[in-house]
Amino acid sequence: MSNQNQRSCNLSVQVGGIQMKNPVMTASGTFGYGEEFASLVDLNKLGGIVVKGLSLKPSAGNPPPRTLETCGGMLNAIGLENVGIEAFAQEKLPFLQTLDTPIVLNMFGHDIKTYAELAERIQDMDGIAGIEVNISCPNIKAGGIAFGTDPKMAFEVVKAVREKTGLPLIAKLSPNVTDIQAIARSVEEAGADAVSLINTIIGMAVDVATRRPKLANITGGLSGPAIKPVALRMVWEAARAVRVPVIGIGGIMDAMDALEFLIAGASAVQVGTANLVNPRATVEIVEGIRSYLAENNIPDISDIIGSLTIS
Ligand SMILES: Cc1cc2nc3c(=O)[nH]c(=O)nc-3n(C[C@H](O)[C@H](O)[C@H](O)COP(=O)(O)O)c2cc1C
């Protein structure tokens with residue numbers, strides 16, 4: 001396949017009002033605040049950068065040990081350690097503003113009021129393409145997952161954020177639910193412009209020698225290739241339940257994984273744990289998708305999205 005043909009494939013997507021060069025974004029918490037990867041990845045080649053989850057005040061997260069490798073993935077109980085929104089605005093944002101890539105701020109609160117306050121603060125910042133509201137973190141005691149597992153609470157928190165911001169709003173959903181379609185419909189009704197899923201699946205590991213949990217937090221969030229089939233199923237279900245675009249996340253390690261999500265109905269994907277194994281995973285996935293389109297004579301990525309054939 002010639003380079004000319006490869007270049008002529010259109011990879012650009014529009015997701016909930018965010019215009020991206022390609023459908024490959026970073027997943028929150030696995031790519032720092034972007035700058036950490038600047039010497040390894042041409043950040044302008046990414047579809048979008050989603051930064052580490054931000055809160056109103058800085059947070060130290062949970063005590064160690066808080067990560068461990070598992071079969072086909074990892075468990076983490078970081079507990080949303082972050083610099084806080086003000087230090088982000090002063091120390092991290094100026095670099096991100098120099099990029100030609102949409103920047104999405106992932107954020108979380110401990111109650112509806114703090115979610116709304118954060119949204120108001122972000123609304124005033126320059127150079128932000130959108131907000132991803134984390135209603136799905138399994139590793140903090142208050143907030144997070146409590147909002148993402150109840151359709152009514154999910155509705156309330158997204159509505160409160162919606163009232164404070166005109167920025168594109170992505171609701172990040174938890175897989176730790178029985179009916180993902182009910183939650184997806186709730187946040188759509190509350191005004192989300194897109195949904196992203198999945199966050200990590202709650203898991204745990206035991207040290208047999210000491211008979212103690214391997215994580216200080218006891219439980220943690222499972223991510224990586226082990227969760228891909230679950231993620232794919234949930235993305236497919238969500239895409240059939242809502243009209244807003246769906247962003248697929250979970251165990252995407254290479255371009256073929258990303259294509260599975262796009263075919264199942266995702267308009268874009270986020271790459272998480274793969275960044276910790278191969279820091280260049282995101283850009284390699286962009287090139288892999290481009291090659292797949294060229295080799296199969298598919299001119300536009302939109303021909304792939306939701307193209308799953310069931311007969
Ligand atoms: C170390 C680590 C930190 C994470 N931090 C966040 C976070 O701050 N906010 C959030 O919404 N998701 C967070 N996540 C979840 C990821 O963004 C992603 O939804 C999940 O890991 C599944 O994707 P993956 O299998 O590609 O990693 C984190 C995941 C990991 C592994």
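Preceding this paragraph is the structure being described.
Now for a quick tour of the structure.

## Some remarks on the sheet that holds strand β10 (residues 194-197)
On the basis of which strands lie adjacent, the open sheet formed by eight strands has the order β3-β16-β15-β10-β9-β8-β7-β4 and parallel pairing. Of all strands in the sheet, those with a lone pairing partner are β3 (24-26) and β4 (49-50), marking the two edges. Against the sheet, helix α5 (residues 151-164) touches β7 (103-107), β8 (130-134) and β9 (169-172), its axis set at about 160 degrees to β9.

## Structural notes on the site of the ligand
Near the ligand there are 22 residues, and of these S28, K172, G224, G251 and T273 occur at the shortest range. Between the ligand and I198 there is a distance of 3.0 Å, counted from an oxygen atom to a backbone nitrogen or oxygen. Starting from 610 Å² of accessible surface for the ligand in isolation, the protein chains cover 96%. Taken atom by atom, the bulk of the ligand overlaps the largest pocket. When grouped by side-chain class, the residues that make up the shell around the ligand number five nonpolar, 15 polar and two charged.

## A look at α5
For an α-helix, 3.6 residues make a turn, and residues three or four places apart therefore share a direction. When the terminal C-alpha atoms of α5 are compared, their 20 Å separation across 14 residues agrees well with the 20 Å that a helix rising 1.5 Å per residue should span. Listed as buried for α5 are A154, V157, V158, A160 and V161. The arc that holds the buried residues of α5, viewed along the axis, is 155 degrees, so those residues lie on one side. Counted as exposed and oriented over 90 degrees from the buried face of α5: K152 and E163.

## Thoughts on the packing of aromatic side chains
On inspection of all chains with the given rule, the structure shows three aromatic pairs. Seen in terms of ring centroids, Y115 and F147 are 5.3 Å apart; in terms of plane orientation they differ by 85 degrees. Their pairing is edge-to-face. In this pair, Y115 sits in helix α3 (residues 112-123) while F147 sits in helix α4 (residues 145-148), placing the two residues 32 residues apart along the sequence. Side by side, Y115 and F147 carry an identical accessibility label, which is buried. Positioned above the aromatic ring of W236 is the side chain of R240, whose terminal nitrogen or guanidinium carbon lies 3.8 Å from the ring centre.

## So, the layout of surface pockets
Taken as a whole, the largest pocket spans an internal volume of roughly 600 Å³. Surrounding the largest pocket, 37 residues form its lining, S28, G29, T30, N76 and T200 being those nearest its centre. Where the lining of the largest pocket is concerned, the elements lending two or more residues are β6 (73-76), β14 (219-223) and α9 (274-277). In terms of residue class, the lining of the largest pocket is made up of 14 nonpolar, 19 polar and four charged.

## Thoughts on the nonpolar core
Core analysis: the biggest nonpolar cluster contains 94 residues, and L105, L173, L197 and I289 have the highest contact counts within it. Here the element with the most residues in this core is helix α10 (residues 281-295); it accounts for seven residues. Other than its neighbours up to four places away in sequence, L105 contacts V51, L54, I85, F88, I122, M125, I128, G130, I131 and E132. Counting residues in each nonpolar core, the second largest holds five residues, with L75, A77, A205 and L215 among its members.

Each value, and the rule that gives it
- Residues numbered from 1 in each chain as written.
- Predicted model: local features only at pLDDT ≥ 70, side-chain atom pairs only at ≥ 80, totals over all residues.
- Heavy atoms only, no water.
- Pairing = 2+ DSSP bridges.
- Helix = DSSP H or I, 4+ residues; strand = E, 2+ residues; numbered from the N terminus.
- Contact = heavy atoms within 4.5 Å.
- Axes fitted to C-alpha atoms, helices over the stretch in contact; angles between N-to-C directions.
- Near = heavy atom within 4 Å.
- Polar contact = N/O pair within 3.5 Å; in protein donor to acceptor, adjacent residues only side chain to side chain.
- Areas by Shrake-Rupley, 256 points an atom, 1.4 Å probe, with all protein chains shown as cover.
- 1 Å grid on protein atoms, 1.4 Å probe; cavity = no way out; pocket = protein on both sides within 12 Å on 5 of 7 lines; lining within 4 Å.
- Sits in = over half its atoms within 2 Å of the grid points.
- Nonpolar A, V, L, I, M, F, W, Y, C, P; charged D, E, K, R; others polar.
- Expected span 1.5 Å × (residues − 1).
- Buried < 20%, exposed > 50% of the residue type's maximum accessible area, 1.4 Å probe, protein only.
- Arc of directions from axis to C-beta.
- Phe/Tyr/Trp six-rings, centres within 6.5 Å; stacked < 30°, edge-to-face > 60°.
- Lys NZ or Arg CZ within 6 Å of the ring centre and 35° of its normal.
- Points joined across faces, edges and corners; volume = space filled by probe spheres on them.
- Core = buried A, V, L, I, M, F, W, Y, C linked by side-chain atoms within 4.5 Å.

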